[in-house]
Amino acid sequence: MTKLIIQIPCYNEEATLGITLAQLPRQLPGIDTIEWLVIDDGSTDRTVEVACTAGVDHIVRLHRHCGLATAFVKGLEAALAAGADIIVNTDADNQYRAEDIPHLIELVVHDQVDIVIGERNLRQIDHYSLTRRVLHRIGNWVVRCVSQTEIRDAPSGFRAISREAALRINIFSKYTYTLEMIIQAGVQGLAVRSVPVGTNPVQRPSRLMRSPGAYVWQSALTIIRIFLTYKPLVFCLGLGMFPMGISLGFGLATWFHLPALSGLNGLLVTLFFALVGLQCWVLGLAANLLAVNRRLLEELLVRERRAAVQPLGTQVRDTSPQTTRPNLDTEVTLN
């Protein structure tokens, strides 16, 4: 029995959620059960009512707006608890075409791939400006280098995830999950592929990329943090090469008695940058030893998740008694 759960993170999506849900499939070849899951990220409109009216099977309600990454993670947890073998994540703004879901899950159904990313043709998306396309290409190149994957549309939220991959992925960012998930998957040796998908006409402007500068900054922080977490030795060795190079330059200048760099001043500058570079390398070695412990802890976490996320069908208290609720309504309070 193969169960597919299609999850949709939502924040004030009453205008477009109904359109998105109306196009989702209830039957697909090779899938025995298809269920829908909506993560309400502290919406203040009628998002939940729209979901209930459309027949959504599971709703996760966050009591305050926590961001896309947190909503995505809570959705994965609920989908695993509901017994999902495959999880498809899509957006509530109807950006992605539901008819592409069979292509998205095909490799996962046959156990050939752990994660499949829907690759959009940005040339056919009119609202993508030249600046955004350039940033998109640069970001994809960086993610491919760090993750050692061939993904060419890393920011795409249209993706299929196997149960094993969902158990292993740990999202730390509160901004977005898209880049971090691919980098983690590549570093952990999970099989990641992409398939071409189409897009629907734009329903509303993107809420994630409010400005190119903010998006680049947040994405850069995510990439650096993940690189430090999973490849600390490589990162620190590369970082230490910069002050070591400066130290070598000042050392040579002092040795050859160049003007303003000879004597005690040149020697002090040389030693300063040499110590900075050496500290970077020592930190890299220490972080690499800690990374071994982190891998062991991650494996224990995966085993704990496997034991904990048994299929559930419990009814959780309802804060809206007058509304008909889905079978599983989980309310999450985040401090």
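This write-up is about the structure you can find in this document. (Residues numbered from 1 in each chain as written. Predicted model: local features only at pLDDT ≥ 70, side-chain atom pairs only at ≥ 80, totals over all residues. Heavy atoms only, no water.)

## Some details on the packing of aromatic side chains
Basically, it comes down to this: Aromatic rings from Phe, Tyr and Trp, with only the six-membered ring used for Trp, were paired whenever their centres fell within 6.5 Å, and each pair was classed as stacked if the ring planes differed by under 30 degrees, edge-to-face if by over 60, and tilted otherwise. Each helix corresponds to a stretch of at least 4 residues labelled H or I by DSSP, and each strand to a stretch of at least 2 residues labelled E; elements are numbered beginning at the N terminus. Residue exposure (1.4 Å probe, protein chains only): buried if accessible area is under 20% of the type maximum, exposed if over 50%, otherwise partly exposed.
The full count for this structure, using the stated rule, is three aromatic pairs. Centroid distance Tyr96 to Phe158: 5.0 Å. Interplanar angle 15°. Geometry classified as stacked. Taken as a pair, Tyr96 in the loop between β4 (86-89) and α4 (101-109) and Phe158 in the loop between α5 (130-147) and β6 (159-162) lie far apart in primary sequence, 62 residues in all. This pair shows no difference in class: Tyr96 is buried, exactly as Phe158 is. Ring centres of Phe272 and Phe273 lie 5.2 Å apart, and the angle between their planes is 80°; this geometry places the pair in the edge-to-face category. Residue class for Phe273 comes out partly exposed when judged on its relative accessible area of 22%.

## What to know about the pattern of salt bridges
This is how it is decided: For this document, the term salt bridge refers to a Lys or Arg side-chain nitrogen within 4 Å of an Asp or Glu carboxyl oxygen.
Scanning all chains against the criterion turns up nine salt bridges. Here Arg46 ties to Glu14 by a salt bridge, and the two come within 3.8 Å at their closest N and O atoms. Separated by 32 residues along the polypeptide, Arg46 in the loop between β2 (33-41) and α2 (47-53) and Glu14 in the loop between β1 (3-10) and α1 (17-22) bring together distant segments of the chain. With a relative accessible area of 34%, Glu14 lands in the partly exposed category. The closest approach of N and O atoms between Asp57 and Arg26, which form a salt bridge, is 2.7 Å. With Asp57 in the loop between α2 and β3 (58-62) and Arg26 in the loop between α1 and β2, this pair connects stretches of sequence that are 31 residues apart. Taking the relative accessible area as the measure of exposure, Asp57 reaches 16% and is therefore buried. Via salt bridges that share partners, Arg97, Glu99 and Asp100 belong to a single interconnected network.

So, to be careful, I would describe these as geometric facts and stop short of saying anything about function.
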